[in-house]
Amino acid sequence: MSERTDIPKPEGEYFESERFGGLSILLALVAFVAIVLSVVGAVIDTTQFAHSWLFAFAVFFTLCAGCFFWAIVHFAVDAEWTVVVRRQLENIAVLMLPLAILFIPVLVLRHHLYEWMNTPVGADPVLDSKRQYLNWNFFLIRAICFFLFWIVASQLLRRLSILQDKDGNPAFTLKLRKLAFVSLPLFAFCLTFGACDWLMSLNYKWFSTMWGVYIFAGAAGSSMSLLVLVITALRKAGYLKDVVTLEHYHIMGKWMLAFSVFWAYIGFSQYMLIWYANIPEETQYFIARNTESWWYLSLLLVLGRFFIAFGILLMRFVKKNPGELAGIAIWIICMQILDMYIIVLPALHGTGVHVSVWDFTSLIAIGATLAFIYLRIVGRSSMFPVRDPRLIESLKLVN
Amino acid sequence: MANESTFPEVIAEEASSSPEARIQRQPLVLNKRNFSWITERITGVVEQRAPRWWWVTFTFTATIASIGLFCLGYQISTGVGTWGLNHPVGWAWDITNFVFWIGIGHAGTLISAILYLLRQKWRTSINRSAEAMTLFAVMCAAIFPGIHVGRVWMAWYLAPLPNNYGIWPNFRSPLMWDVFAVSTYFTVSVLFWYTGLVPDLATLRDRSTTKIKKFLFGIFALGWRGGNRQWRHYEMAYLLLAGLSTPLVLSVHSVVSFDFATSVLPTWHTTIFPPYFVAGAIFGGFAMVLTLMLPARAIFKLHDVITPAHVDKMAKIILLTGSFVAYAYAMEFFMAWYSGNQYERFAFYNRVLGPYWWYWWVGMFFCNFISPQLFWFRWCRRNVFVVYFVCMCVNAGMWYERFIIIVGGLHRDFLPSSWGIFHATWVDIWTFIGTLGIFTSLFLLFVRFLPLIAMSEVKIVVPEADPHYDVDLASHHPVGAGGMERNQ
């Protein structure tokens, strides 16, 4: 591709919230109804609801954490292509604050989720040997610390970035770079132990050193897909037309491809090593997910998250076609939902898939709430960092 | 934004530290060197007579290599009993050396393939040497699985033979997968390295002063004329090879990690092993690239091509991969404790406080975890002595790490009455030192006979290579601003 000559002037583009007032009201309405239904679910079918809510929380948590990851990586590696899409990553990352509030039902309904919280001391020596870690107080403190980090870091990230919109001072880039360097190890720490606490400890007897990396692999790939969807939706609404080009789509598509492969690599390694060694305390996790009707969903995950996504994303024309890339992005997010479903629900329905209405209400409740808040946030700043020192490089991007 | 007022405090800060200067992209070739300078400086290494230091160093390394080859001969003719292997430690220096060398071999392909796909143009200054280093490291690595089978003349059983030979390779054995992974990696790495060499070989051919050199370089340059069509084919081939090599970077060390992780031994069997080994390999590989390139840069005066920014970036990769390795160490300890399994817990307790405690504290903890933390600081990444110190720590640390994993996992097995300590024999030690000699000798030969920096690729990243390069605006144009000086 030859170099662009139609570079837009960096004045910024602003989302007209009033234009989408109807959508906002609709989302608020849907969120309200779904939350009311969820409260009903929590009362009449508590255990099922608790699992459904945790599943839905895990889906959106991984998406937001992934967007936070991409935003800090941008600064840590001093990238240029991400500049034009970075503001949307920041807007999604700050949804960690409402997510922390939406995590409260998990804390309240903990006894319905985590067997170790109900097992008395002395009943299981294996559990007793790790009670210094698996106990309610420490669990709560950890959750607070993890969310505190994500909330503070994501807010700082977005605020400093917006401050730079005013004068384009490169000092903000340097500050953000420092923030990114500090955030990267903390992100790894919080994501790993968050994943261990909230998902792995559903079965306290099971463990895998790969767990944090596995959750990260899914989060990074699906959040890049979410970014593609958000950018495509904004472009459909008439924004970012001259800013985000097919070259940016191409790169986003390449990262989706890379993380489809990485997810498969991590997932395969974890599965194969546990299968090969065949140690009962490790295989129990996969036996539950490879038997009864769970087998079909597990198979679909392997085919869908890797083989189908990989085969399609390998083609360049797909990555350079926003419509087609958005289609595959929806598919990958569906697979991420399936992945979280297979992680959480077999802990309750070991005998086979049992789809519940609360699975859907939880997903809609959290999703609509976050989408509503996102629409409120997106209009508060320019849709891309207007005076980022690397903006011109990003606009001139050629693959 | 309608309101464009700026913040006074921001302006004050800007004036004091000049962030504008700090976020500027650094040029990849310093001092505005032009095409001619690059060609002269790099081919000069090959074309001039071998300096005295080269002969002295080569004699020394070749002697060590010969001792290593003697040890190999002695071990093959006498038997594996010449090594210190005994019950319960059935794998020790042999497999440690194998994993060590295979790991070293990862940086080359990472630099040439993955960084190429990521459009990291700074790779051009170091990819050629790193790839050569990869090949030599894989050669050294391949020695050990071959000889550790004991009867080396039966090693061909590992090859995928037709069934009518009546030999049924055990396809479920990770050692078998190793053969496939390493041989594929080596083959693709050679192809990749050679493909990249073709334009530079043509340059050497065209500059040759003797008929023999012209003939030999001419054969290997495959008739390269630098035409438009040739470049198009070349770039497509290079891209395809980069795409093929990328999964290989991940797969080779993952398969090596399966050698251990498919077992049921505590400290060997853990699911994080594949990415942990890959990160460790890149970590060790980059340390070795710097170990070789920093002296080469000083000797051949290549500071304008391998700039402080290059060293800085490599140091950052060492910090990143070192941090992932530290993450894996931490996860191993945490999950061993969290599992509640007494054998897992004991194995890790034994790693830190058992007979090999100092290997862990010095090798893994200090060399691999603490020393790269210096690279958080810019002045450390910019100080070649600090960089060299860290790289030497990492080189040693990665060998120790493999030793601790292998011997540490074996020496105290499930039956306390059979516990033992491994004692290396002189054959063990000199075989390993011998491979260091083989590796450095091969690298010295490479430096002597082939361009150690990819000239054609470095030329692509200088400003003059840009089709939009403005001759009039650039005050440093060779004709306009005293180009003769720039050639010196």
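Residues numbered from 1 in each chain as written. Chains lettered and ligands numbered in written order. Predicted model: local features only at pLDDT ≥ 70, side-chain atom pairs only at ≥ 80, totals over all residues. Heavy atoms only, no water.

### Regarding the overall build of chain B
Part 1: Helix and strand content of chain B: 19 helices and zero strands.
Part 2: Taking 2.2 N^0.38 as the reference for a compact globule, 488 residues should give roughly 23 Å; the C-alpha atoms of chain B span a radius of gyration of 25 Å, in line with that estimate.
Part 3: The C-alpha extent of chain B, read off along each of the three principal axes, is 80 × 70 × 45 Å.
Part 4: Taking all 488 residues of chain B together, 54% fall into the buried category. (Helix = DSSP H or I, 4+ residues; strand = E, 2+ residues; numbered from the N terminus. Rg over C-alpha atoms; globule rule 2.2 N^0.38 Å. Buried < 20%, exposed > 50% of the residue type's maximum accessible area, 1.4 Å probe, protein only.)

### Some points on the packing of helix α10 (residues 170-198) of chain A against helix α11 (residues 211-236) of chain A
All names here are of chain A.
Part 1: Two numbers describe how α10 lies on α11: the axes approach to 8 Å, and their chain directions differ by 105°. It follows that α10 is roughly perpendicular to α11 by the angle criterion. Touching Phe187, Leu191, Thr192, Ala195 and Cys196 of α10 are Trp211, Gly212, Ile215 and Phe216, all from α11.
Part 2: Residue composition of the contact of α10 with α11, grouped by class: seven nonpolar, two polar and no charged. (Axes fitted to C-alpha atoms, helices over the stretch in contact; angles between N-to-C directions. Parallel < 35°, antiparallel > 145°, perpendicular 65-115°, else oblique. Contact = heavy atoms within 4.5 Å. Nonpolar A, V, L, I, M, F, W, Y, C, P; charged D, E, K, R; others polar.)

### Concerning the interface of chain B and chain A
Part 1: Taken together, the contacts link 48 residues of chain B with 59 residues of chain A.
Part 2: Between chain B and chain A the total buried area reaches about 4500 Å² when both faces are included, carbon and sulfur atoms providing 65% of it.
Part 3: There are three salt bridges connecting chain B and chain A.
Part 4: The salt bridge partner of Arg25 of chain B is Glu393 of chain A, with a shortest N-O separation of 3.2 Å.
Part 5: Remark: the boundary between chain B and chain A carries 17 residue pairs in polar contact (both at pLDDT 80 or more).
Part 6: Elements that contribute at least two residues to the side of chain B that touches chain A include exactly α1 (8-17), α2 (19-22), α8 (174-207), α10 (228-261), α11 (273-299) and α12 (308-339) of chain B.
Part 7: Classifying every residue of the side of chain B that touches chain A gives 25 nonpolar, 13 polar and ten charged. (Buried area = accessible area lost by both parts, 1.4 Å probe. Salt bridge = Lys/Arg side-chain N within 4 Å of Asp/Glu carboxyl O. Polar contact = N/O pair within 3.5 Å; in protein donor to acceptor, adjacent residues only side chain to side chain.)

### Remarks on the environment of Ala113 of chain B
Residue and element names in this part refer to chain B.
Part 1: Along the chain, Ala113 turns up in helix α6 (residues 106-117).
Part 2: Distance in space between the C-alpha atoms of Ala113 and Val387 is 24 Å, their sequence separation being 274 residues.
Part 3: Each residue touching Ala113, except ones within four places of it in the same chain, is listed here: Phe192, Ala242, Ser245 and Thr246.

### Considerations on unusual backbone geometry
Part 1: The omega torsion of the bond from His87 of chain B to Pro88 of chain B falls at 5°, within 30 degrees of zero and hence cis.
Part 2: Residue Glu292 of chain A is not a glycine yet carries a positive backbone phi of 55°.
Part 3: Examined against the element boundaries, Glu292 of chain A turns out to sit in the loop between α13 (280-289) and α14 (294-313).
Part 4: Here Arg119 of chain B, not a glycine, exhibits a phi torsion of approximately 60°, which is positive.

### Let's talk about a nonpolar patch on the surface
Residue and element names in this part refer to chain A.
Part 1: A contiguous nonpolar patch, built from Trp295, Tyr296, Leu299, Val302, Leu303, Phe307, Ile308, Ile312, Met315 and Phe317 and spanning about 950 Å² of accessible area, is present on the exposed surface.
Part 2: In terms of residues, the nonpolar patch owes the most to one element, α14, which gives eight residues.
Part 3: Positionally, Tyr296 belongs in helix α14. (Patch = residues over 30% accessible without salt bridge, like charges linked within 9 Å, V, L, I, M, F, W, Y side chains within 5 Å. Areas by Shrake-Rupley, 256 points an atom, 1.4 Å probe, with all protein chains shown as cover.)

### What about α14 of chain A?
All names here are of chain A.
Part 1: Taking 1.5 Å as the rise per residue, α14 with 20 residues should run 28 Å; its terminal C-alpha atoms sit 27 Å apart, in good agreement.
Part 2: Maximum bend of α14: about 30°, positioned at Gly304.
Part 3: Along α14, the residues that are buried comprise Trp294, Leu297, Ser298, Leu301, Gly304, Arg305, Phe306, Ala309 and Leu313.
Part 4: Against α11, α12 (246-277), α13, α15 (316-319) and α16 (322-344) lie the buried residues of α14. (Expected span 1.5 Å × (residues − 1). Bend = angle between axes of the 7 residues up to and from the residue.)

### Section: the packing of aromatic side chains
Part 1: This model, assessed by the stated rule, comprises 106 aromatic pairs over all chains.
Part 2: A centroid spacing of 5.2 Å and a plane angle of 70° characterise the contact between Phe100 of chain B and Trp101 of chain B, whose relative ring orientation is edge-to-face. In this pair, the class of Phe100 of chain B matches that of Trp101 of chain B, namely buried.
Part 3: Judged by centre distance (5.6 Å) and plane angle (90°), the rings of Tyr276 of chain B and Phe277 of chain B are edge-to-face.
Part 4: Judged by relative accessible area, which is 1%, Tyr276 of chain B ranks as buried.
Part 5: Note that Arg110 of chain A overlies the ring of Trp136 of chain A, its terminal NZ or CZ placed 3.7 Å from the centroid. (Phe/Tyr/Trp six-rings, centres within 6.5 Å; stacked < 30°, edge-to-face > 60°. Lys NZ or Arg CZ within 6 Å of the ring centre and 35° of its normal.)

### Some points on the environment of Gly379 of chain A
Residues and elements named next belong to chain A.
Part 1: Checked against the element boundaries, Gly379 lands in the loop between α17 (357-378) and α18 (391-395).
Part 2: Owing to a relative accessible area of 23%, Gly379 belongs among the partly exposed residues under this scheme.
Part 3: Separated by 362 residues in the primary sequence, Gly379 and Ser17 have C-alpha atoms spaced 5.9 Å apart.
Part 4: Setting aside its immediate chain neighbours within four residues, Gly379 contacts Phe15 and Ser17.

### Thoughts on the pattern of salt bridges
Part 1: Tallying each qualifying case throughout the model produces 25 salt bridges over all chains.
Part 2: With a shortest N-O distance of 2.9 Å, Arg390 of chain A and Asp78 of chain A are connected by a salt bridge. Of this pair, Arg390 of chain A sits in the loop between α17 and α18 while Asp78 of chain A sits in the loop between α2 (46-76) and α3 (83-93); the two residues are 312 residues apart in sequence, bridging distant segments of the chain.
Part 3: Ionic pairing is found between Lys316 of chain B and Asp312 of chain B, a salt bridge with its closest N-O pair at 3.5 Å. Remark: Asp312 of chain B and Lys316 of chain B occur in helix α12; sequence separation between them is four residues, near one turn of the helix.

### Details of the nonpolar core
Part 1: Within the largest apolar cluster, 288 residues are counted, with the highest numbers of intra-cluster contacts made by Trp150, Trp198 and Trp211 of chain A.
Part 2: Per-element accounting of this core gives the leading share, 22 residues, to α2 of chain A. (Core = buried A, V, L, I, M, F, W, Y, C linked by side-chain atoms within 4.5 Å.)

### Some points on the packing of helix α5 (residues 93-104) of chain B against α10 of chain B
Residue and element names in this part refer to chain B.
Part 1: Remark: α5 packs on α10, axes separated minimally by 10 Å, with the N-to-C direction vectors making an angle of 160°. As the angle between them shows, α5 and α10 are arranged roughly antiparallel. The handedness of the crossing between α5 and α10 is left-handed. Of α10, the residues touching α5 (which contributes Ile95, Phe98, Val99, Ile102 and Gly103) are Val252, His253, Val256, Asp259 and Phe260. (Left-handed = near helix turned anticlockwise from the far one by under 90°.)

### Re α2 of chain A
Residue and element names in this part refer to chain A.
Part 1: Taking 1.5 Å of rise per residue, the 31 residues of α2 would be expected to cover 45 Å, and the 43 Å separating its terminal C-alpha atoms lies within 8% of that figure.
Part 2: Counting buried positions along α2 gives 29 out of 31 residues, so the element sits mostly inside the fold.
Part 3: Following α2 by one or two positions, Asp78 has its phi on the positive side, about 55°.

### Focus on the state of the cysteines
Disulfide: a covalent bond formed between the sulfur atoms of two cysteine residues.
Residues and elements named next belong to chain B.
Part 1: In total, this model carries zero disulfides over all chains according to the counting rule given.
Part 2: For Cys71, which is in no disulfide, the shortest distance to another cysteine sulfur is to Cys140 and amounts to 14 Å.
Part 3: With no disulfide of its own, Cys380 lies closest to Cys393 among cysteine sulfurs, the gap being 12 Å.
Part 4: Accessibility expressed as a relative area gives 0% for Cys380, which makes it buried. (Disulfide = S-S within 2.5 Å.)

### Some remarks on the confidence of the model for chain B
All names here are of chain B.
Part 1: Per-residue confidence for chain B averages 88 on the pLDDT scale, and 93% of its residues sit at or above 70.
Part 2: Per-residue pLDDT stays below 50 along residues 1-15; that stretch engages in 21 contacts with residues further than four places along the chain or on separate chains.
Part 3: Per-residue pLDDT stays below 50 along residues 476-488; that stretch engages in 23 contacts with residues further than four places along the chain or on separate chains.
Part 4: In the model output, the complex is listed with pTM 0.92 alongside ipTM 0.92. (pLDDT = per-residue confidence, 0-100.)

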